Amino acid sequence: MTAKLSIRDLSFTYADGAQALQHINMEIFANELFVLFGPSRAGKTTLLRLINRLADLLDGVQRSGEILFNDQDVYNPNLDVTYLRRRIGMVFAVPTPLPGSIYANLAYGLEMAGIKDRRIIDERVERSLRQAALWDEVKDRLQDSAFALSGGQKQRMCLARSLVLEPDVILLDNPTSGLDPISTALVEESLFELKQQYTIIMVPHSVQQASRVADRAAFLLNGEVVEIGSQQRIFIHPRDKRTEDYVTGRFG
Amino acid sequence: MSTLDEAPAAWQEQQPSGAPAAKRNWRETIIETVIRLCGISAVVIITLIFLFLLKEGAPAFMQVPIRDLLGVRWYPIEDMFGLLPLLVGSLLVTIGAVVIAVPLGLTTAVYLGEFAPPWLREILKPVIEVLAGIPSIVLGFLGWVALAPLIQAAGAATGLTAFTGAIILAYMALPTIISITEDALYAVPKEYRDGALALGATQWQTIWRVVLPAARSGIVIAVMLGVGRAIGETMAVMLVTGNAANIPAFGLGAWFQPVRTMTATIAAEMGEVAQGSLHYSVLFAIGIVLFLITFAFNSLATRFIGGRSRRRGGQI
């Protein structure tokens, strides 16, 4: 099986000299839900933002190593970064509705990609809202401001917004932070559906969530990978003492 | 509700011994009154200004028929007080200034805030702010010596035209527009940019569709303050617009003929009229018209800001 994403010897240092990632190596396969977990400042978000090149916006950073997406280096200067970001969608910890209606938020990515046919846009908007388990709640008020949604609805709208582009990989940076248990369960449920079609890399809200949703997981600590393995291996029979301490709640 | 007497002993001890409750309340009342007076004084002063304008200008509306005030001839010596040429002059100069300053100011701010490398921004921003400090009369002087000959050379009958005034006013409004717009762009949360970029928007698409709409109320304030400075400006405009109180021929060519603005008329003639004369009160009537125009302009802009961004609906 070839890897959807392979990360090879990736190191990353911020402008202030803080080393966020050190010699990261990992492979992520198609249609799996891969979880990156660990205490804060482990480098999880940094790693996600390097995969879709959102970290490009920072000045004065240092990066070495490579990230291959479908065997292509994402940092290849000839690669169209907007195309990359359409193939690798992202949902943030804090839901980020853009100014405008719910419908406008969903249609935005498609319009940016140059799709003008209203029928195609309408159809994809509906499908991705259904995939994100939000359609029934908003179908009668698609023209309302996206800011009028509740926190959980905003987060699911952001998920739908990245699905509308039919990406290959979805990066989820703590998509259930600040959500109530019911909304969290809704999001987690939709993840199981989504991985039939997409490859998902997720930073979870907690160790418990990580063990609930993961197919495979990587435990990160201070910018280094401690252990990578299947859900069983990481959460039931961890080999590294630090992984065991963290998943059993002895620190973190 | 428990009264002070019933409050626990420990809580009572926390009160400073020199300031019993009654005295503290009294102090609160004084502070509150002072703050309230400050707040009301702004309204009172504006009302007084308007009443004063009305008192001095009202005779004009009583003695000169409205039809004459709307006339096209401004010959005060012959008791012809048609305000239309002045109104048209002011409009031409202001509209010209807005048309030049707003696009130029917004694009400069977008460039500064979004595209310029940090080192260039650090040079440009202070330079633009210095531009705001140049006395308006110096800009007017510049228009007289440098700009007017250019415009005449370009084919206008004279270099002192509405267009010359509009350019000078635009440059007067620019620093304010640029500086405040740039601040508004900077205040747009980083999450908006991330959200749009992560959807595969280009930098320009992100700015046009997300950052600018999000910064809209700040941008409207920037334009209001900038244009506000331009509308009220007198001396520089007086210097470069030629001061001919006639209505220019209709069409685009109107901008390349001399005009006279309302402000310039008041400034130029106020020193020469007899106090209490009809001419004197007509000048105040011009002030009233100006006041009403800026008032209407400001309320329109405030409504525009208050339009969508302030409204919060739905659930929390």
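Residues numbered from 1 in each chain as written. Chains lettered and ligands numbered in written order. Predicted model: local features only at pLDDT ≥ 70, side-chain atom pairs only at ≥ 80, totals over all residues. Heavy atoms only, no water.

Trainee: It is not clear to me how the interface of chain B and chain A should be interpreted in this structure. Could you clarify?
Mentor: Many analyses report the size of an interface as the accessible area lost when the parts associate. Facing the 21 residues of chain B at the interface are 28 residues of chain A. With both chains or domains summed, chain B and chain A bury close to 1900 Å², and 62% of this area falls on carbon and sulfur atoms. Joining chain B to chain A, the criterion identifies two salt bridges. In this structure, Asp194(B) and Arg49(A) form a salt bridge, with 2.7 Å as the shortest nitrogen-oxygen distance. In this structure, the connection of chain B to chain A is made through five residue pairs in polar contact (both at pLDDT 80 or more). Among the secondary structure elements, those contributing two or more residues to the side of chain B that touches chain A are helix H8 (190–198) and helix H9 (203–214) of chain B. Ranked by the residues each element gives to the side of chain B that touches chain A, the list is headed by H8(B), at eight residues. (Contact = heavy atoms within 4.5 Å. Buried area = accessible area lost by both parts, 1.4 Å probe. Salt bridge = Lys/Arg side-chain N within 4 Å of Asp/Glu carboxyl O. Polar contact = N/O pair within 3.5 Å; in protein donor to acceptor, adjacent residues only side chain to side chain. Helix = DSSP H or I, 4+ residues; strand = E, 2+ residues; numbered from the N terminus.)

Trainee: Looking at this model, I keep getting lost on a nonpolar patch on the surface. Mind explaining?
Mentor: Residue and element names in this part refer to chain B. Together, Ile-40, Val-44, Leu-48, Leu-51 and Leu-54 give the surface a local cluster of nonpolar side chains, amounting to about 420 Å² of exposed area. Looking at the secondary structure, you find Val-44 in helix H2 (residues 21–63). Residue classification places Val-44 among the partly exposed residues on the basis of a relative accessible area of 39%. (Patch = residues over 30% accessible without salt bridge, like charges linked within 9 Å, V, L, I, M, F, W, Y side chains within 5 Å. Areas by Shrake-Rupley, 256 points an atom, 1.4 Å probe, with all protein chains shown as cover. Buried < 20%, exposed > 50% of the residue type's maximum accessible area, 1.4 Å probe, protein only.)

Trainee: For this particular structure, what's the right way to read unusual backbone geometry?
Mentor: Most peptide bonds take the trans configuration, and most residues that are not glycine carry a negative phi. Residue and element names in this part refer to chain A. Despite not being glycine, Asp-71 has its phi angle at roughly 65 degrees, a positive value. At Glu-166, a position not held by glycine, the phi torsion is positive, near 50 degrees. The residue Glu-166 is located in the loop between helix H6 (151–163) and strand S7 (169–173) in this model.

Trainee: Any chance you could explain the pairing of strand S9 (residues 216–221) of chain A here in plain terms?
Mentor: One face of the sheet, then the other: side chains in a regular strand alternate in exactly this way. All names here are of chain A. Counting buried positions along S9 yields six of six residues, so the element is predominantly enclosed. Residues Arg-216, Ala-218 and Leu-220 line one face of S9 and the alternating positions Ala-217, Phe-219 and Leu-221 line the opposite face, and both faces are buried. Pairing analysis gives four bridges linking strand S3 (residues 33–37) to S9, with the strands arranged parallel. Bridging across to S9, Leu-36 finds its partner in Ala-218. In the sheet, S9 pairs with strand S10 (residues 224–230) via six bridges, with the strands oriented antiparallel. (Pairing = 2+ DSSP bridges.)

Trainee: Honestly, the pairing of strand S2 (residues 19–29) of chain A in this entry has me stumped. Any pointers?
Mentor: Residue and element names in this part refer to chain A. Judged from the seven bridges that link them, strand S1 (residues 3–13) and S2 form a sheet pairing that is antiparallel. Across the sheet, residue Ser-6 finds its bridge partner in S2, namely Glu-27. Turn length for the S1-S2 hairpin, with the two strands adjacent in sequence and antiparallel, is five residues, and the turn residue Gly-17 shows positive phi of about 90 degrees.

Trainee: Sorry if this is basic, but what is going on with the confidence of the model for chain B here?
Mentor: Averaged over every residue, the pLDDT of chain B is 83; residues scoring 70 or more account for 89%. Confidence over residues 308–316 of chain B falls short of pLDDT 50; this stretch has 11 contacts with residues more than four positions distant or in other chains. (pLDDT = per-residue confidence, 0-100.)

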